[in-house]
Amino acid sequence: MLSQIIYVSVRNANCSDEEIQKILESSNRNNGKLDITGVLLYSRNKFLQVLEGEKT
Ligand SMILES: Cc1cc2nc3c(=O)[nH]c(=O)nc-3n(C[C@H](O)[C@H](O)[C@H](O)COP(=O)(O)O)c2cc1C
């Protein structure tokens, strides 16, 4: 069954743009292999992420 998770979390003050680049690299490396798609929106102090994939 296709499932979605949507959540908001706090972006810590020491989470730099370089850290976000690393999250994107991990996501590109891992999510496709797991057949997961998603969106990560971020601001100075928040993340909003949508993840979608088959529930196993
Ligand atoms: C807000 C947020 C969203 C993240 N989303 C993903 C994601 O969709 N996929 C992913 O593999 N890692 C994501 N990460 C990174 C993981 O926490 C972790 O660092 C990463 O999966 C480690 O990957 P590796 O074991 O391949 O080095 C996210 C981290 C944060 C803080």
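Below: a short report on this structure. Since we're looking at a predicted model, the values are computed, not measured.

This brings us to the sheet that holds strand β2 (residues 37–42). Pairing is antiparallel across the open sheet formed by 3 strands, whose spatial order is β1-β3-β2. A strand with exactly one partner marks an edge of an open sheet, and here the two such strands are β1 (2–10) and β2. Averaged over all neighbouring strand pairs, the angle between strand axes comes to 10°, with direction disregarded. Bridging between β1 and strand β3 (residues 46–54) involves 9 bridges; their strand directions are antiparallel. The partner of V8 across the bridge, within β3, is L48.

Criteria and cut-off values
Residues numbered from 1 in each chain as written. Predicted model: local features only at pLDDT ≥ 70, side-chain atom pairs only at ≥ 80, totals over all residues. Heavy atoms only, no water. Pairing = 2+ DSSP bridges. Helix = DSSP H or I, 4+ residues; strand = E, 2+ residues; numbered from the N terminus. Axes fitted to C-alpha atoms, helices over the stretch in contact; angles between N-to-C directions.

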